[in-house]
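Chain residues, written in single-letter form:
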Amino acid sequence: MIRHQRGSAFGTQQYPFCHPGLLDQIKNVTGITMVKVQLRNISDFALQNATKLQNLLLSFNNLTEIGDNTFSGAINLENLNLAHNCISKISSKAFVNTPNLKYLGLGFNKLEEIDAELFLPLKNLWNLSLYNNKIKYIAATAFTKIPNLLVLYLNHNNLESLELHIESRLSQLYVSYNKLKSLTLKSVKSGAMSGCVEAKSNQLSSINIDPSLYVVQLYLSSNKIESLDSILSHTKIFRLNLDGNLLRNLDGLNKLKRLTYLDLSSNNITYQPDVFGSLQQLNWLNLSNTSMTHFSFEWFGIQKNLFDLELSRNLLKELDYKRFSIYFPNLDALTINNNQFNCTFLEDMMTYWKNMTQISIWDAKTVDPTPNVANIKCINEEIKKEVYMEESKLFGKMFVMISCIGIFIFVGFLLVLFLMKKIRNKYCIRISSNNQSCNELMNSEFQ
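Residues numbered from 1 in each chain as written. Predicted model: local features only at pLDDT ≥ 70, side-chain atom pairs only at ≥ 80, totals over all residues. Heavy atoms only, no water.

K.L.:
Explain the overall build of the protein chain to me, using residue names and the numbers behind them.
P.N.:
Counting its regular elements, the protein chain contains four helices and 27 strands. For the protein chain, with 447 residues in total, the buried portion stands at 42%. Taking the contacts inside the protein chain whose residues are at least 6 apart along the sequence as the reference set, 44% of them involve residues at least 24 apart. For the protein chain, the exposed area adds up to about 23400 Å²; of that, 52% sits on carbon and sulfur atoms. (Helix = DSSP H or I, 4+ residues; strand = E, 2+ residues; numbered from the N terminus. Buried < 20%, exposed > 50% of the residue type's maximum accessible area, 1.4 Å probe, protein only. Contact = heavy atoms within 4.5 Å. Areas by Shrake-Rupley, 256 points an atom, 1.4 Å probe, with all protein chains shown as cover.)

Now the structure itself:
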């Protein structure tokens, strides 16, 4: 393997241009690494003798374009990393000469469009990374004829709408951190797709995923989803993340009976009886920050498989804690911090759980002197009364002080008026016989 990596044991050489003469001794080389060498261009046929080359790492350079014959000759190339360059243009025939490519890394470049022909020759490709580009458009069939594609990264781009026709058994699709308002996934072949779709931090109000696509994990946090309607047809989902959306009800949730992981945090949900009752496979449930004012076991029924329940950042003032072991017999962890529990109630609850159950109470560690029980913040009524009394006393003192100041100012004002009147009378007595007015006399005296 040939390595030319800046700062490595092989020196700090820089190769602005990669041409045939530079690599004409690589017939038997299986790997080349040229990272951070300020490579700006690869001449056509530079790899014409690299018939045994399998790994080519050219990341962190200044490449701007990939031509028709850039990789001509590298017919056995399996791993190609072009990440962290400035590539904005790739010829539609750039990968014709690399039919055995399995991994292609194009992340952190400046690509804006992906046409339908670019990746057609890559029948053996299973991992394609296009994250952190400037992609605004992707042809619907751009990845259709890649039968072995398993992992596709499209996150951190500028996509506002995306439709993909899927033929492979794609196991991981990442489209998070775009500007998506529309996401459509269509099945081209029976059995296509079997895995995870991650579309976090977009502007999706719904999704359109063909029910025949076998989606088992769906991550849609930080979108604008208001209902579960567009999700309910995917009954094989076992992991669903919907935190940070606009959900107000959970109508139809009972159809997703295979759920083991469910995150509904940071929604403004109105809970209904037996809403989780049919989800008997649930292991982990997050209901944090959902404006919950009370907790009812009628929402759940008996959940034998629930191990972890998160109720933090709500408006709870009490819990019927003695019934938890009945409805959640295998519960291991409960998160209840940042609610509105009374300290006395919280202390009783913690003591009961410590002595009677195996539940571990997870909390956010407090670093201030706020009243807490086992580092869980609570409301101390006695302290509230003391604070109220202190505030009342302080208010009384301030009222007396302000009243005294007001009286003092008022008396001073009256005194000034009295003195002015005395002065006026004094000077008016001295009015002369030439019929000078009192005001004229006073003005002349002051001048």
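Still more to cover.
K.L.:
Quick one: what's the story with the nonpolar core, residue by residue and with numbers?
P.N.:
Membership of the largest hydrophobic core comes to 113 residues, with the highest contact counts inside it found for Phe 95, Phe 119, Phe 143, Phe 276 and Phe 295. Listing elements by their share of this core, those giving two or more residues are strand E3 (31-35), strand E14 (161-166), strand E16 (182-187), strand E19 (214-219), helix H1 (324-327) and helix H2 (343-356). (Core = buried A, V, L, I, M, F, W, Y, C linked by side-chain atoms within 4.5 Å.)

K.L.:
Describe a nonpolar patch on the surface, and please don't skip the residues or the numbers.
P.N.:
Together, Phe 410, Leu 414, Val 416, Leu 417 and Met 420 line one region of the surface with nonpolar side chains, adding up to about 480 Å² of accessible area. Along the chain, Phe 410 turns up in helix H3 (residues 381-428). (Patch = residues over 30% accessible without salt bridge, like charges linked within 9 Å, V, L, I, M, F, W, Y side chains within 5 Å. Salt bridge = Lys/Arg side-chain N within 4 Å of Asp/Glu carboxyl O.)

K.L.:
I'd like to hear about the packing of aromatic side chains, residue by residue, with values.
P.N.:
One pass over the full model with this rule turns up 26 aromatic pairs. Stacked on the ring of Phe 60, the Lys or Arg Lys 36 has its end atom at 5.3 Å from the ring centre. For Arg 239, the ring lying beneath its charged end belongs to Tyr 261, and the centroid distance is 3.7 Å. (Phe/Tyr/Trp six-rings, centres within 6.5 Å; stacked < 30°, edge-to-face > 60°. Lys NZ or Arg CZ within 6 Å of the ring centre and 35° of its normal.)

K.L.:
Would you mind going over the pattern of salt bridges in detail, with residue names and values included?
P.N.:
Evaluation of the coordinates by the stated rule reveals three salt bridges. Here Lys 186 makes a salt bridge to Glu 163, at a shortest N to O gap of 3.5 Å. Taken together, the positions of Lys 186 in strand E16 and Glu 163 in strand E14 put the pair 23 residues apart, joining distant regions of the chain. Accessibility expressed as a relative area gives 38% for Lys 186, which makes it partly exposed. On the basis of relative accessibility, which here comes to 32%, the residue Glu 163 falls in the partly exposed class.

K.L.:
Residues and numbers for empty space enclosed by the protein, please.
P.N.:
Any empty space left between atoms is shown by rolling a water-sized probe over those atoms. Going through the model one piece at a time under the given rule, you end up with two cavities of 30 Å³ or more. The calculated volume of the largest cavity comes to roughly 80 Å³. Forming the walls of the largest cavity are Ala 140, Phe 143, Leu 149, Leu 152, Leu 164, His 165, Ile 166, Glu 167, Ser 168 and Leu 170. Among the elements that take part in the lining of the largest cavity, E14 stands out by supplying three residues, more than any other. Across the lining of the largest cavity, the residue classes break down as seven nonpolar, two polar and one charged. (1 Å grid on protein atoms, 1.4 Å probe; cavity = no way out; pocket = protein on both sides within 12 Å on 5 of 7 lines; lining within 4 Å. Points joined across faces, edges and corners; volume = space filled by probe spheres on them. Nonpolar A, V, L, I, M, F, W, Y, C, P; charged D, E, K, R; others polar.)

K.L.:
Got a sec to walk through the pairing of E3? Specific residues and values, please.
P.N.:
Within E3, five of the five residues are buried, which leaves the element mostly enclosed by the surrounding structure. Going residue by residue along E3, you find Gly 31, Thr 33 and Val 35 tucked away on one face and Ile 32 and Met 34 tucked away on the opposite face as well. Bridge count between E3 and strand E5 (residues 55-57): three bridges; the pairing is parallel. Within E5, the residue paired with Gly 31 across the bridge is Asn 55. (Pairing = 2+ DSSP bridges.)

K.L.:
Would you mind going over unusual backbone geometry in detail, with residue names and values included?
P.N.:
Residues other than glycine seldom take positive phi values, yet Lys 36 does so here, at roughly 55°. Among the structural elements, Lys 36 can be located in the loop between E3 and strand E4 (41-42). Notably, Asn 132 is not glycine yet its phi reads approximately 55°, a positive angle. Mapping Asn 132 onto the fold places it in the loop between strand E11 (127-129) and strand E12 (137-138).

K.L.:
With reference to specific residues and values, describe the pairing of E14.
P.N.:
In summary, the side chains of a regular strand alternate between the two faces of the sheet. By the alternation rule, side chains of E14 split into Leu 162, Leu 164 and Ile 166, which are all buried, and Ser 161, Glu 163 and His 165, of which none is buried. One ladder, built from six bridges, connects E14 with E16; its direction is parallel. Within the sheet, the bridge partner assigned to Glu 163 lies in E16 and is Thr 184.

K.L.:
Outline the sheet that holds strand E18 (residues 208-209), listing residues and values.
P.N.:
In any sheet, the strands associate via hydrogen bonds between backbone groups, in a parallel or an antiparallel arrangement. Taken together, three strands build an open sheet; the order of strands is E14-E16-E18 and the sheet is parallel. Both edges of this open sheet fall to E14 and E18, since each of them pairs with a single strand only.

K.L.:
Please give an account of the environment of Ser 360 that cites residues and values.
P.N.:
Take Ser 360: it is sitting in strand E25 (residues 360-362). For the pair Ser 360 and Thr 335, spaced 25 residues apart in the sequence, the C-alpha separation amounts to 8.6 Å. Those residues in contact with Ser 360, other than ones at most four positions away along the chain, are Asp 332, Ala 333 and Leu 334.

K.L.:
How would you explain the environment of Gln 281 if you had to name every residue and give the values?
P.N.:
Looking at the secondary structure, you find Gln 281 in the loop between strand E21 (261-263) and strand E22 (284-286). In this structure Gln 281 comes out as partly exposed when scored by relative accessible area, which is 41%. When sequence neighbours within four positions are dropped, the list of residues in contact with Gln 281 reads Lys 257, Arg 258, Leu 259, Thr 260 and Asn 305.

K.L.:
Can you break down the side chain of Ser 221 residue by residue, with the values?
P.N.:
With respect to the secondary-structure elements, Ser 221 resides in the loop between E19 and strand E20 (239-241). With a relative accessible area of 6%, Ser 221 lands in the buried category. Setting aside residues up to four positions removed in sequence, Ser 221 forms contacts with Ala 199, Lys 200, Ser 201, Asn 241, Leu 242, Asp 243 and Asn 245.

K.L.:
I'd love a proper account of a negative patch on the surface, names of residues and values included.
P.N.:
Among the surface-exposed residues, Glu 112, Glu 113, Asp 115 and Glu 117 lie close enough to one another that they form a single negatively charged patch. Its location among the elements puts Glu 117 in the loop between strand E10 (113-114) and E11. Residue classification places Glu 117 among the partly exposed residues on the basis of a relative accessible area of 45%. (Lys, Arg positive; Asp, Glu negative; His and termini not counted. Charge placed at Lys NZ, Arg CZ, Asp CG, Glu CD.)

K.L.:
I'd like a rundown of the confidence of the model for the protein chain, residues and numbers included.
P.N.:
Residue-level pLDDT values for the protein chain average 85, and 79% of them are 70 or greater. Within the model, the stretch residues 1-15 combines pLDDT values under 50 with 36 contacts to residues more than four positions away or in other chains. Here residues 364-369 is a poorly scored stretch, pLDDT under 50, and it has seven contacts once near neighbours within four places are set aside; other chains count. (pLDDT = per-residue confidence, 0-100.)

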